[in-house]
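Spelled out from the first residue to the last, the chains are:
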Amino acid sequence: MDIRITKSNSSRLNDVDFENLPFGKLFSDHMFVADYYDGKWHNPRIEPFHNFSLHPATMALHYGQAIFEGMKASKSKDGTPMLFRPEMHAQRMNRSAHRICMPSIPEDLFVEAVTKLVQIDQGWIPPIEGSALYIRPTLIATDEFIGVKPSQSYKFFIITGPVGPYYPKPVRLLAETKYVRAVIGGTGEAKAAGNYGGALLPAKLAQEKGYDQVLWLDAKEFKYIQECGTMNIFFVIDGKVITPPLYGTILNGITRLSTIELLKDEGYEVEEYPLTIDEVVEAYKKGTLQEAFGTGTAAVVSHIEAISYKDMVIEFPNPGKGKVGEFVKHTIDQLRSGSIADTRGWTVKVPVEETMEV
Ligand code: COI
């Protein structure tokens, strides 16, 4: 499908302080939009960034038919914009769409839309390691209707904005023993807006106790470690790297998968194993718990400083300096900046030449 491009007459780029980037507050000059109705996608376009006008009965606002992705663009040392595994994000978006009963987006349209948008707003990619252009593809139901059924019309849009680190410091987690994020058979594996809404109260309560995020346990026994809500989680115990299997309840993270592949290639023993919080406590008491870190597009790799569980607090030695997490973070940063050869074909260069203008 041809993407119609209308460029903005002026840019807000000069107002951006790349040295002090907050996360999620700044948005680039353009956005992508496409509409779905009559069983087909229509009018894919890139336009100056703008607000939407929505009918108050727009279904996404009432029944949770809203999903999204999180991706990043970076610049290689020679200034070429690069995406990280974009086709995997397109595939995950469609798995989320399937679960929330929404239409799929042709993978090539998704990747082309992201590529063209990044090409046009490439000046917004921060030239600083650890910062990136965050990309937020989003799909919402747009029928104007009160009643529970799948919408017949949808809007797919992509916005981007320069971001600094999501967690500027090592993270303190509270293992949650009252609330749950997801159950087997539920929507936990989808990147559905509703999953994040349900996690806000427990996260707020954890923050009031001095923790940054919740460490989710399984919904049946409050025993098996799941994820942090903003990141997948890895532990290093006695030299072995352990991350929970997907269960169907946790996000199938692209950074998670990349971490597993990188560590295995480096010779680490990595196991997707149903780790319990009690095993983590036991390893801590025995002195074999070496480090923990979270992975995610926004978080990249964030070291974990402490985990509170019931009446105890596990404090990690040298938080921020965990050897395994640091290796993964450094390797992903180097891949994103093209400082090391990408032998796996994970980074995709965005052509820098100008595209057709309307
Ligand atoms: C991402 O990692 O891209 C996410 O969507 C997580 C969110 C906390 C920003």
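Structure's up top.
In this text, all values refer to a predicted model and were calculated from it rather than measured experimentally.

Caption draft 1: Structural context of the overall build of the protein chain. A count of helices and strands for the protein chain gives eight helices and 17 strands. For a compact globule of 358 residues, the expected C-alpha radius of gyration is about 21 Å, and the protein chain comes in at 21 Å, within 12% of that figure. With the principal axes as the frame, the protein chain shows a C-alpha extent of 65 × 55 × 35 Å. Here the protein chain, with 358 residues, has 54% of them falling under the buried criterion. Of all intrachain contacts in the protein chain linking residues separated by at least 6 positions in sequence, the fraction that spans at least 24 positions is 72%. Carbon together with sulfur atoms contributes 52% to the accessible area of the protein chain, which is approximately 16100 Å² in total.

Caption draft 2: Up close: the pattern of salt bridges. Summed over all chains, the structure comprises 18 salt bridges. Here E261 makes a salt bridge to R85, at a shortest N to O gap of 3.8 Å. Residue E261 is located in helix α6 (residues 254-265), and its partner R85 is located in the loop between β6 (81-84) and α2 (86-99); the two are separated by 176 residues in the primary sequence. Judged by relative accessible area, which is 28%, E261 ranks as partly exposed. In this structure, E305 and R172 form a salt bridge, with 2.6 Å as the shortest nitrogen-oxygen distance.

Caption draft 3: Molecular detail of the site of the ligand. Every residue close to the ligand is listed here: F68, G70, Y134, R136, Y166, K191, T230, T297 and A298. Between T297 and the ligand, the recorded distance is 3.4 Å, taken from a backbone N or O atom to an oxygen atom. Within the contact set of the ligand, an oxygen atom lies 2.8 Å away from a backbone nitrogen or oxygen of A298. Alone, the ligand offers 280 Å² of accessible surface; in the complex the protein occludes 90% of this.

Caption draft 4: Quick peek at the nonpolar core. Counting 47 residues, the largest nonpolar core has F32, V118, L139 and F156 as its most contacted members. Looking at this core, the elements that each hand over two or more residues are β2 (30-37), β3 (40-48), β4 (66-68), β5 (71-75), α2, α3 (107-120), β7 (132-141) and β8 (154-163). Leaving out residues up to four positions away in the same chain, L139 has contacts with W41, Q65, A66, I67, M93, A97, M102, P103, I105, Y154, K155 and F156. One finds A175, L217, M231 and I314 within the second-largest nonpolar core, a separate group that totals 27 residues.

Caption draft 5: Molecular detail of the packing of aromatic side chains. Evaluation of the coordinates by the stated rule reveals 14 aromatic pairs. On the numbers, 4.7 Å between centres and 85° between planes, the contact of F23 with Y166 is edge-to-face. Of this pair, F23 sits in the loop between β1 (4-5) and β2 while Y166 sits in the loop between β8 and β9 (171-175), and the two are 143 residues apart along the sequence. By relative accessible area, Y166 is classed as partly exposed at 34%. Ring geometry for F27 against F49: centres 5.6 Å apart, planes inclined by 20°, an arrangement best described as stacked.

Caption draft 6: Structural detail: the pairing of β7. Counted residue by residue, β7 has nine buried out of 10 residues, so it is predominantly covered. Where β4 meets β7, three bridges bridge the pair, whose relative direction is antiparallel. Across the sheet, the residue bridging to A66 is I140, located in β7. Here β5 runs beside β7; their pairing, made up of three bridges, is antiparallel. The partner of A73 across the bridge, within β7, is L133. Taken together, the 10 bridges between β7 and β8 define a ladder with antiparallel strand orientation. Bridge assignment links R136 to a residue of β8, and that residue is I159.

The rules we used
- Residues numbered from 1 in each chain as written.
- Predicted model: local features only at pLDDT ≥ 70, side-chain atom pairs only at ≥ 80, totals over all residues.
- Heavy atoms only, no water.
- Helix = DSSP H or I, 4+ residues; strand = E, 2+ residues; numbered from the N terminus.
- Rg over C-alpha atoms; globule rule 2.2 N^0.38 Å.
- Buried < 20%, exposed > 50% of the residue type's maximum accessible area, 1.4 Å probe, protein only.
- Contact = heavy atoms within 4.5 Å.
- Areas by Shrake-Rupley, 256 points an atom, 1.4 Å probe, with all protein chains shown as cover.
- Salt bridge = Lys/Arg side-chain N within 4 Å of Asp/Glu carboxyl O.
- Near = heavy atom within 4 Å.
- Polar contact = N/O pair within 3.5 Å; in protein donor to acceptor, adjacent residues only side chain to side chain.
- Core = buried A, V, L, I, M, F, W, Y, C linked by side-chain atoms within 4.5 Å.
- Phe/Tyr/Trp six-rings, centres within 6.5 Å; stacked < 30°, edge-to-face > 60°.
- Pairing = 2+ DSSP bridges.

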